[in-house]
Amino acid sequence: MTITPDEANKITGLKVRGGSVDADYYDMSLEELYKLFNECFGWDDYKTELEFCRSVKDWPRRDNFGGGIGHYITNLKKEFGNTSEKVEKGELVMDEIKVKQTGTTYLLYTLGRDIFLNLTGNKVNANYLILVKDLATVNKYAWGTTALAYLLEQLATASRLASTYIGGNFTMLKVWVYDHFSILELAKKLEKYVNWVDTLLTAARYKFEDEMKRNNEQLVTRLREKLNSLNLHDVDFDPYSPKTWKKKMKLFKIKR
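Nothing here was measured: the structure is a model prediction, and the numbers come from that model. (Residues numbered from 1 in each chain as written. Predicted model: local features only at pLDDT ≥ 70, side-chain atom pairs only at ≥ 80, totals over all residues. Heavy atoms only, no water.)

Observations concerning the environment of Trp143
Mapped onto the elements, Trp143 comes out in helix H9 (residues 143-158). Sequence separation between Trp143 and Leu14 is 129 residues, and the spatial gap between their C-alpha atoms is 5.8 Å. Apart from the residues within four sequence positions on either side, Trp143 is in contact with Leu14, Lys15, Val21, Leu111, Phe116, Leu131 and Val138. (Helix = DSSP H or I, 4+ residues; strand = E, 2+ residues; numbered from the N terminus. Contact = heavy atoms within 4.5 Å.)

And the structure:
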């Protein structure tokens, strides 16, 4: 039993059908990165190299955070964030170029914080910029499938003895557990979502409690006891309701 692409879509709202990220992504040369950052952010080579130097100890090098050159997403947020406040203070004029730069930054920031979240939590692979440089085509990718594949890859790594952290979209994993293992009582459903509508995101229907109680020994012990006593009947598994099943069959017939 694992997270399916359909569940990834229901949890996050990200599409699971579309273009392949792997088909367009590759590790670019420094020259290509300099050109791309100039195109997307208006940075010259010196500015781009300076930002890269802030994100790694040894420059130039490839790091272990996704295969590419590390880039601090906190620097991007500082430079391109809080646009409304900056406009009000007269520090920024939002022309067409600045709007595009800000939109590209937001998408790159989202990739680093939500889709390809690595073990440090504060870096995003600079090569991901190739995926969001054209705002008109960003929605062609199957981001839901991509997020799920990356999460599963991270879980495989986290299963090793020395691993203590998990990268990827952890919200997807948590909500999947909440959906299928309600007996663990890890989260409560919000009152307004008790009568759930199938078209709404499942991630929005839970009240996240005890989120910050990481060192609660009693909580961990109680959870371990519940896990040890789980049986088949304790799992909530109904992948397709009658209504959803009819939609799937209709789509299957159309494709055939």
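So, a negative patch on the surface
Taken together, the side chains of Glu31, Glu32, Asp44, Asp45 and Glu49 make up a negatively charged region of the molecular surface. Looking at the negative patch, the elements with two or more residues in it are helix H3 (30-41) and helix H4 (45-55). Inspection of the secondary structure assignment puts Asp45 in helix H4. (Patch = residues over 30% accessible without salt bridge, like charges linked within 9 Å, V, L, I, M, F, W, Y side chains within 5 Å. Areas by Shrake-Rupley, 256 points an atom, 1.4 Å probe, with all protein chains shown as cover. Salt bridge = Lys/Arg side-chain N within 4 Å of Asp/Glu carboxyl O. Lys, Arg positive; Asp, Glu negative; His and termini not counted. Charge placed at Lys NZ, Arg CZ, Asp CG, Glu CD.)

Some thoughts on the side chain of Lys86
Following the sequence through the fold, Lys86 ends up in helix H6 (residues 83-88). For the buried Lys86, no salt bridge exists, and the shortest N-O distance to an oppositely charged side chain is 6.3 Å, to Glu91. Residues in contact with Lys86, not counting those within four places in the same chain, are Lys78, Glu79, Phe80, Gly81, Glu91 and Leu92. (Buried < 20%, exposed > 50% of the residue type's maximum accessible area, 1.4 Å probe, protein only.)

Thoughts on the confidence of the model for the protein chain
Residues at a pLDDT of 70 or more form 75% of the protein chain, whose mean pLDDT is 78. The secondary-structure element of the protein chain with the lowest mean pLDDT is helix H12 (residues 242-255), recorded at 54, while helix H8 (residues 129-132) shows the highest, at 92. Here residues 61-69 is a poorly scored stretch, pLDDT under 50, and it has 33 contacts once near neighbours within four places are set aside; other chains count. (pLDDT = per-residue confidence, 0-100.)

Comments concerning the side chain of Gln101
Mapped onto the fold, Gln101 is located in helix H7 (residues 96-115). Classification of Gln101 as buried rests on a relative accessible area of 10%. Within the local environment of Gln101, its side chain forms a polar contact with the backbone oxygen of Phe41, the two atoms lying 3.2 Å apart. Dropping the residues within four chain positions of it, Gln101 is found in contact with Cys40, Phe41, Gly42 and Phe80. (Polar contact = N/O pair within 3.5 Å; in protein donor to acceptor, adjacent residues only side chain to side chain.)

Considering a nonpolar patch on the surface
A contiguous nonpolar patch, built from Val87, Met94 and Val99 and spanning about 220 Å² of accessible area, is present on the exposed surface. In this structure, Val87 sits in helix H6.

Notes on the environment of Lys226
Among the secondary structure elements, Lys226 is positioned in helix H11 (residues 217-228). Taking the C-alpha atoms as reference points, Lys226 and Ile183, separated by 43 residues in sequence, lie 8.2 Å from one another.

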